[in-house]
Amino acid sequence: MTTEPPAGAKGRRPARTNATRQKLFDASMELIGERGAANVTVDEIAAAAGVSKGTVYYNFGSKSELIAQLLRHGVDILKARLLEAADGGGSGRDPLLAMEAMIGQAMDFMAEYPSFARLWVSENWRIPSEWQGTFSVLRGELLEVVGQAVEGVAAAYPVDNSVSRGSLETAIFGACFVVGLDRQTYNPERTRDQSVAAIMAIMRGYVLKEAAPRG
């Protein structure tokens, strides 16, 4: 005899393939960018992704869980790109250049997925938010990556220790989303390099003037 899985079990099942998850992510982000998460239905997401509504419910269980898992998917993409940028060039790389490369990757991600950035900014600070717990976890993971890059700069350069490390990480993290989204929405003429330079001004202000790398 076939038994029904316990409530919520379907929502915990991973997507059958990364390709399916990516199709759902792309479709959801486009629709959410047009109308907002609250005004998009599972039927619309499934149709836009070219899958059945049953496939969505089988893999995610509910619209709320679908959005939560797609937020995770987007953060996984962004985090992988940030880590790859940080690791590029080997261990002898100037950590300021590594940070600059990471911010550049963040700008590229915002350009590729502006609706994800829009969803993040609109829902992340909404209280209460249906996905507040999800945002808290994902935000912590991204801040950890930024924090590691800041640690690298502090280990290589004399820095202003009066600056709160946590506030600095948050400033860089927030600036990536806001500057990237502002560029896509209001200032498309602004170049990627200009946006990166503006955010790097925060980081360079943390390094003491006329300071050379240690070692």
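For the structure itself, consult the block above.
Since this is a predicted model, take the numbers as computed values, not measurements.

### Details of the overall build of the protein
- Looking only at helices and strands, the protein features 10 helices and 0 strands.
- When the helices and strands of the protein are placed in sequence order, the string is α-α-α-α-α-α-α-α-α-α.
- Expressed as a percentage of its 215 residues, the buried residues of the protein come to 42%.
- Within the protein, contacts between residues separated by at least 24 positions form 74% of all contacts whose residues are at least 6 apart in sequence.
- A total accessible area of about 11000 Å² is found for the protein, and carbon and sulfur atoms account for 52% of it.

### Quick notes on helix α7 (residues 114-124)
- Along α7, the residues classified as buried are Ser115, Phe116, Ala117, Leu119, Trp120, Glu123 and Asn124.
- Summarising the contacts, the buried residues of α7 are in contact with α2 (18-35), α5 (63-87), α6 (95-112), α8 (132-156) and α9 (165-185).

### Quick notes on the side chain of Asn59
- By the secondary structure assignment, Asn59 is in helix α4 (residues 53-60).
- Under the relative-accessibility criterion, Asn59 is labelled buried at 0%.
- In terms of polar contacts, Asn59 uses its side chain to reach the backbone carbonyl oxygen of Thr55, at 2.8 Å.

### Remarks on the nonpolar core
- Core analysis: the biggest nonpolar cluster contains 66 residues, and Phe116, Trp120, Ile172 and Met203 have the highest contact counts within it.
- Here the element with the most residues in this core is α8; it accounts for 11 residues.
- With residues up to four places along the chain from it excluded, the contact list for Ile172 reads Met99, Ile103, Val146, Val150, Ile199, Ile202 and Met203.

### A short note on α9
- Its 21 residues give α9 an end-to-end C-alpha distance of 30 Å, which sits within 8% of 30 Å, the value for a rise of 1.5 Å per residue.
- Residues Leu168, Glu169, Ile172, Phe173, Ala175, Cys176, Phe177, Val179, Gly180, Leu181 and Arg183 constitute the buried set of α9.
- Contacts made by the buried residues of α9 are with α5, α6, α7, α8 and α10 (192-206).

### As for the packing of helix α3 (residues 42-49) against α4
- Across the interface, α3 lies against α4 with an axial gap of 8 Å and an inter-helix angle of 110°. With respect to their mutual orientation, α3 and α4 come out roughly perpendicular. Counting all contacts with α3, which are made through Val42, Asp43 and Ala46, the residues of α4 involved are Lys53, Val56 and Tyr57.

### So, the environment of Val207
- Summarising the element assignment, Val207 is placed in the segment after α10.
- Among the residues examined, Val207 registers a relative accessible area of 9% and is labelled buried.
- Look past the residues within four positions of Val207 in its chain and what remains in contact with it is Leu96, Val153, Tyr157, Pro158 and Val159.

### Some points on the environment of Gly36
- Inspection of the secondary structure puts Gly36 in the loop between α2 and α3.
- Sequence-wise, Gly36 and Ser122 are 86 residues apart; in three dimensions their C-alpha atoms are separated by 9.2 Å.

### Considering the environment of Lys79
- Summarising the element assignment, Lys79 is placed in helix α5.
- When the C-alpha positions of Lys79 and Gln105 are compared, they lie 9.7 Å apart, and in sequence the two are 26 residues distant.
- Not counting the four nearest positions on each side in its chain, Lys79 is found in contact with Arg72, Glu141, Leu142 and Val145.

### Notes on the side chain of Ser129
- Secondary-structure assignment places Ser129 in the loop between α7 and α8.
- With relative accessibility at 10%, the residue Ser129 sits in the buried group.
- Once residues within four sequence positions are removed from consideration, Ser129 is found in contact with Glu123 and Phe135.

Here is what the cut-offs are and how they apply
Residues numbered from 1 in each chain as written. Predicted model: local features only at pLDDT ≥ 70, side-chain atom pairs only at ≥ 80, totals over all residues. Heavy atoms only, no water. Helix = DSSP H or I, 4+ residues; strand = E, 2+ residues; numbered from the N terminus. Buried < 20%, exposed > 50% of the residue type's maximum accessible area, 1.4 Å probe, protein only. Contact = heavy atoms within 4.5 Å. Areas by Shrake-Rupley, 256 points an atom, 1.4 Å probe, with all protein chains shown as cover. Polar contact = N/O pair within 3.5 Å; in protein donor to acceptor, adjacent residues only side chain to side chain. Core = buried A, V, L, I, M, F, W, Y, C linked by side-chain atoms within 4.5 Å. Expected span 1.5 Å × (residues − 1). Axes fitted to C-alpha atoms, helices over the stretch in contact; angles between N-to-C directions. Parallel < 35°, antiparallel > 145°, perpendicular 65-115°, else oblique.

Any functional reading would require information beyond the geometric quantities listed.
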